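Tertiary structure, described
Read off the chains here:
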Amino acid sequence: MIRKAIVALGILGAVAFGSDDLYSVRLGWGIADKNDLGQILSGEGEFSGAKTHVLGIDGGYLLARGIYDLPIDIYLKASIYRFLENHHQESFWEGTVYVKAYYNIDVWDNRLRIGGAEGISLAEQIPITEVIDAREKGSNTSKFLNYLDISADIDIGRLLRVPDWKDTYIGYALKHRSGVFGLINGVNHGGSNYDMIYIEKNF
């Protein structure tokens, strides 16, 4: 299933290069953060002692632009990520499907985007950071969990005044898996957070 999703994303990426600003492709790399979602959003992030990473690609399709006359765009997205487990266990694949909204802020001849996404995540194995967290907090673990993606980025083409780079964004994303307080497979804790940097292109 994961390998089929990789092929599908490859086809999506190929189509994106010939489309009319309807598609997006994002390449991202991140490192595990041992703090929970609320702590990270309040500025208390701290890298996990396990020193594990993720690396992958997201592809997206524009569902709506400027909804309710607001500067908000909605995308349907899917991703394939490789969890690099730093010798704690074998590395493995994860696939996600999610809906993401971007709020566009046009200022100083540039564009800043704030994004938030909700979806599902299916991993081949349980990330070691989730295993450690679940063990410490007495929680279950699951390969299938809820997925959140929170991001902020800036259009580097507009920033550097390079027309060919317009709609190319560089930014930060928080990649989050969780059981939504036990609603999914009894996972009260045991989720994971990764601080990611990425580059994304709209076509």
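Residues numbered from 1 in each chain as written. Predicted model: local features only at pLDDT ≥ 70, side-chain atom pairs only at ≥ 80, totals over all residues. Heavy atoms only, no water.

Attention now goes to the packing of aromatic side chains. All chains considered together, the criterion is met by five aromatic pairs. Note on tyrosine 75 and tyrosine 102: the rings are 5.7 Å apart at their centroids and 90 degrees apart in plane angle, and the pair reads as edge-to-face. Taken together, the residues tyrosine 75 in strand 3 (residues 72–84) and tyrosine 102 in strand 4 (residues 92–107) connect sequence positions 27 residues apart. On the accessibility criterion, tyrosine 75 (2% relative accessible area) is buried. Overall, tyrosine 102 belongs to the buried group, its relative accessible area being 1%. Every member of this aromatic cluster is reached through a ring pair, and the members are Phe83, Phe92 and Tyr194. Cation over ring: lysine 77 sits above tyrosine 75, and NZ or CZ is 5.5 Å from the ring centre. (Phe/Tyr/Trp six-rings, centres within 6.5 Å; stacked < 30°, edge-to-face > 60°. Helix = DSSP H or I, 4+ residues; strand = E, 2+ residues; numbered from the N terminus. Buried < 20%, exposed > 50% of the residue type's maximum accessible area, 1.4 Å probe, protein only. Lys NZ or Arg CZ within 6 Å of the ring centre and 35° of its normal.)

Attention now goes to the sheet that holds strand 6 (residues 144–155). Neighbouring strands of a sheet are bound in pairs by backbone hydrogen bonds; such pairs are parallel or else antiparallel. The strand order 1-2-3-4-5-6-7-8 describes a closed barrel built from eight strands, whose pairing is antiparallel. Neighbour to neighbour, the strand axes of the sheet diverge by 25 degrees on average, direction disregarded. Pairing of strand 2 (residues 53–65) with strand 3, which is carried by twelve bridges, proceeds in the antiparallel orientation. Paired with leucine 55 across the two strands is arginine 82, which belongs to strand 3. Strand contacts of helix 3 (residues 128–137): strand 1 (23–33), strand 6, strand 7 (168–178) and strand 8 (192–202), with the helix running at about 150 degrees to strand 8, the strand carrying the most contacts. (Pairing = 2+ DSSP bridges. Axes fitted to C-alpha atoms, helices over the stretch in contact; angles between N-to-C directions. Contact = heavy atoms within 4.5 Å.)

One pass over the full model with this rule turns up 14 salt bridges. The residue lysine 77 makes a salt bridge to glutamate 200 at a minimum N-O spacing of 2.8 Å. A residue pair is termed long-range when its members are at least 10 positions apart, and lysine 77 in strand 3 and glutamate 200 in strand 8 qualify at 123 residues. Of the two residues, lysine 77 and glutamate 200, neither departs from the other in class, the shared state being buried. With a closest N to O distance of 2.8 Å, arginine 113 and aspartate 153 form a salt bridge. Pair noted here: arginine 113 is in strand 5 (residues 110–123) and aspartate 153 is in strand 6, with a separation of 40 residues, a long-range link. The network of salt bridges with shared partners includes Asp106, Arg111, Asp155, Arg158 and Asp167. (Salt bridge = Lys/Arg side-chain N within 4 Å of Asp/Glu carboxyl O.)

Below, the discussion takes up the environment of glycine 66. Relative to the helices and strands, glycine 66 resides in the loop between strand 2 and strand 3. By relative accessible area, glycine 66 is classed as partly exposed at 29%. Measuring from C-alpha to C-alpha, the distance between glycine 66 and tyrosine 102 comes to 9.8 Å, with 36 residues separating the pair along the chain. Setting aside residues no more than four positions away along its own chain, glycine 66 makes contact with Ile72 and Asp73.

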